[in-house]
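Topology and contacts: notes
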Amino acid sequence: MYLPRQLISHLYLQLLRSHHPLSPPVLILVALEPDALCACRILTSLLKRDYIPHKIQPVAGYGDLARAGEEMVRPMQTTNGGSGGVVVCLGVGGLVDLAEILALSNPEDEVEDMGGVEIWVFDARRPWNLGNVFGGQTGIGQHMTEIDVNSRLRGRGVDKGCITSAYTSKNGGIIVYDDGDIEEELRNEREAYYALLEMPEVDEDDDDASDDGSEDETQTGSKKRKSWSGREDDEDSEGDEPPHQRRRSNSGSFIDSSPTRRKKTGINSSNSSRSVTPTTDSPSPAEAKQPSARSLKKRLINLKRRHDSVLQAYYSSGTSYSEPISSLIYSLASELGRDDNDLLWLAIVGVSSLELSGRTMTGVGISNTSESGGSAGWGGQRGEHIRQILRDEVHRLNPPDPLEFNRDIRGEINGVIPTTARSPTDTSIRLSPEPRFLLVRHWSLYESMLHSPYLAPRLHVWTENGRKRLHKLLAKMGISLTQCHQYYTHMDMELKRVLRSRLLKYAPMYGLDGLVPSAGSTSASAREGWGFVRCWGWKACLSATDVGVIVGAMLEVGPHETLASWDAKRLPRVRDDAENSGITGASDLASLLPRFWSAYDALSLTSESPTILLESLPLAQHLHRAILRTGTSLLSKHQIRHLRAFRIAVVKDGPDVKLFTNPGALTKLALWIAEAIRVQEKERGDSIKIGRKRAAGTPLVLAGLDEDRDLYVVVGTGGGGGVVDFAAMSKRQEERKKKKEDKEKKQKERSERRSKRATERAEREDETGAEDSDSEESESSSESESEDEEDPRGKKHLLRNRFGIAFQEVVQETNARVRIDSFEHCVVEVQKDDLGGFLEALSFRSVVG
């Protein structure tokens, strides 16, 4: 089931009304990523204000999710002696069948019973598992099949999976919080899902229907997530392979979610009294003749394949990201009237963190930069719309002080980056024309520019000439090397005042048009591309991007990685966490728990938050120094190979090898290298053409060696396109309109010819089994479905990251020992000896589409 955006507070208000002192605590499953952490902080703040007990459980991957389901969620079921309750998934489980992975339902049971457990799912990853979105209802048993399913669910407050205001939480179920995507974009998938759910089972192996019947089987049983061996426990498994290496893992797959496999817990589709006769677009014959059984079966099979193809096209389009969950939960707080500066700041940090980890509308990958400057953005026009709403919220919750108004306006117009608070008690949020430098308030200007993921690839700082270009840029702006090597806060005030204007003047000479946001005005609505800054009195002044960088480093680097590099006095809190954990680099949940709680404390709403963030600054600086060193080494030594569909690089030696065994850190290195490759290709005029689409860059596969576990961590990043070029899209839409007009004329001519032959087809229908009419109907429907439709969000033409699908296909067809456990399906772990064969098989796959 899914909860539409306009009813976002409906379930929370029901929880608030039904809560009592003996109610079980709300269980919150949180992914280890900044956006999910910020969302968790907002949600727990709401629960604390309403005195609702809750428990937080970090989840590192699908293995941890399955263990949490077995140990924590199943005991909550009334069928297992529990009293029900609510489980909130933040950044967890949107791509898989949660009822299966949390062990809440048994596929062999005739009636699905969640045991009073209600699962709330907040996830920005796409594609959704349609079983969660349109299924997830309880109490749909075989004994109720004579009643129309949709009307019965509508009586419960559910209309074709959509929760209405009449819904009440009684029996539990899986509820997905819709950010608008489901209502606007999944209408066809919704109709196809319910058509398949209500369709009677048909044996496609008989007669001519068996020609293409294998398509439906591959959709359900063949694409399961693999364990280390990745092998199926089939009857025809390879001979000498030991049984324990053919074990299927306990985690699901977003591909395996056809409603046909849910019929045992849903409708008794074999009931012949409720067989569905499909309707077609072709005109009905004048003479009412009863079609034969073979004709009905043929039509049903064609209709089933058509609906299956709709769902399969949705799943095979690749991964992408939608609205950050921190923004969605802030909308919940705003709907409840609980919004304040603290929760707004958490939402801003969560939204800002998405781009840092390469999460765009095309999945994990680089995004096209915005020519207007500022943040490139994860979601094109929609992402900028959300950031503009946040700017309006900042203006509403932080009205200017009349005594300081004139000074603040002058500073903003001049583009001075705020580095101090207005007063010792100032904790307000301000808008700032942030340049695309890294940690500029906490580093020297030179170091900040050198390590900038935007500036470094464009100046080619991994070469000697690139460093000289950086020096020339600084010289043209009138900033000496002595000044730029000082901490930014210690630089001459006059230089800081003129920095923005000089960057706007000289940066375009070096191809850095989007280095700073365009000149704004005193109106908050005109500050497109501006960032956010918050001060904690004289303690600290941090931008939202700074906080996202630091929190990300705390999760990815870990406290134990940097103790040898700095004196223990500089990181007392981090050292305590490392000593208490006793872990030396393992990637399981035990080693990640200290990182999670350190990052969770750093996002606290108390005065301790900036102290923890400032103490962890060396972690972020260490990570980005390592990214620059390793990326420079790979590029300067020409260690990046170009395969058929992507480029490949391997990190297996050097001082920072252990650092990049973490998927998050490895992803940031891959994004840095991919951006450098994209800039080089653009300068040479190279690009990869996929079908009729031209990629913004070449997809990249980066592998990092983990010697302790004798494996490689592998990540696949997309080639770009995260921001929509709306001007080019409008031209394409005009071309499509012309093509549509031509097709409509041809369709009218075909419809006239079909109407003339309608009577003839009806007469020979019983004799031929309506094969001719069915073939024509399928052809006409495929033509209409293949037409390009207007996409209001401009997502259809984007090249999405398909590495997750490609990885699973390779595992299915090779003997590579691979584990796919990360919530990012473009991240896998491959045994050291199997990397070569794995990459060779991967090179023949489609990795973007």
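Just so it is clear, the model here is predicted, and its values are computed rather than measured.

Definitions and limits used
Residues numbered from 1 in each chain as written. Predicted model: local features only at pLDDT ≥ 70, side-chain atom pairs only at ≥ 80, totals over all residues. Heavy atoms only, no water. Helix = DSSP H or I, 4+ residues; strand = E, 2+ residues; numbered from the N terminus. Buried < 20%, exposed > 50% of the residue type's maximum accessible area, 1.4 Å probe, protein only. Contact = heavy atoms within 4.5 Å. Areas by Shrake-Rupley, 256 points an atom, 1.4 Å probe, with all protein chains shown as cover. Pairing = 2+ DSSP bridges. Axes fitted to C-alpha atoms, helices over the stretch in contact; angles between N-to-C directions. Parallel < 35°, antiparallel > 145°, perpendicular 65-115°, else oblique. Left-handed = near helix turned anticlockwise from the far one by under 90°. Nonpolar A, V, L, I, M, F, W, Y, C, P; charged D, E, K, R; others polar. Phe/Tyr/Trp six-rings, centres within 6.5 Å; stacked < 30°, edge-to-face > 60°. Lys NZ or Arg CZ within 6 Å of the ring centre and 35° of its normal. Salt bridge = Lys/Arg side-chain N within 4 Å of Asp/Glu carboxyl O.

1. A few points about the overall build of the chain
Summing up its helical and strand segments, the chain has 30 helices and 23 strands in all. For the chain, buried positions account for 58% of its 849 residues. By sequence separation, contacts in the chain at least 24 residues apart represent 79% of the contacts at least 6 residues apart. In the structure as shown, the chain presents an accessible area of about 35400 Å², 48% of it carried by carbon and sulfur atoms.

2. Thoughts on the pairing of strand β20 (residues 700-706)
Of all 7 residues that make up β20, 7 are buried, and the element is covered over most of its length. Pairing analysis gives 5 bridges linking strand β17 (residues 647-651) to β20, with the strands arranged parallel. Its bridge partner being in β20, V650 is matched across the sheet by A703. The pairing of β20 with strand β21 (residues 711-717) spans 7 bridges and is antiparallel. In the sheet register, V701 faces β21, and the bridge partner there is G716. In textbook terms, the turn of a hairpin is the stretch between consecutive antiparallel strands, and for β20 and β21 this stretch comprises 4 residues, one of which, D710, has a positive phi near 60 degrees.

3. Quick notes on the packing of helix α8 (residues 187-198) against helix α10 (residues 293-315)
At a minimum axis separation of 9 Å, α8 and α10 run at an interaxial angle of 135 degrees. As the angle between them shows, α8 and α10 are arranged oblique. Remark: the crossing between α8 and α10 carries left-handed chirality. Here N188, E189, A192, Y193, A195 and L196 of α8 come into contact with α10, specifically with K304, H307, D308, V310, L311 and Y314. Classifying every residue of the contact of α8 with α10 by side-chain character gives 7 nonpolar, 2 polar and 3 charged.

4. What about the packing of aromatic side chains?
With the rule as written, the count across this model stands at 16 aromatic pairs. When the ring of F122 is compared with that of Y177, the centres are 4.1 Å apart and the planes differ by 25 degrees; the resulting orientation is stacked. Within this pair, whereas F122 is found in strand β5 (residues 117-122), its partner Y177 is found in strand β9 (residues 173-177), the two being separated by 55 residues in sequence. Per residue, the accessibility class of F122 equals that of Y177, and both read buried. Three or more aromatic residues link up through ring pairs in this structure, and these residues are Y2, F134, Y193 and Y194. Against the face of Y454 rests R436, its NZ or CZ located 4.3 Å from the ring centre.

5. Concerning the sheet that holds strand β13 (residues 429-432)
A sheet is described by the order of its strands in space; here 3 strands give the open sequence β13-β14-β15, paired in antiparallel fashion. On the outer flanks of this sheet lie β13 and β15 (541-543), each paired with one strand and no other. On average, each strand axis in the sheet is tilted by 30 degrees relative to the strand beside it, whichever way the strands run. Judged from the 3 bridges that link them, strand β14 (residues 531-535) and β15 form a sheet pairing that is antiparallel. Within the sheet, the bridge partner assigned to V533 lies in β15 and is S543. Those strands touched by helix α12 (residues 341-356) are β13, β14 and β15, and its axis lies near 135 degrees from that of β14.

6. As for the pattern of salt bridges
Following the criterion strictly, the structure yields 34 salt bridges and no others. The partner of R125 in a salt bridge is E824, with the nearest N and O atoms 3.4 Å apart. Note that R125 is positioned in strand β6 (residues 125-126) and E824 in the loop between β22 (818-819) and β23 (827-831), a separation of 699 residues in sequence. Accessibility classification places R125 together with E824 in one group, the buried group. Each of E33, D123, R125, R359 and E824 takes part in a single network of salt bridges with overlapping partners.

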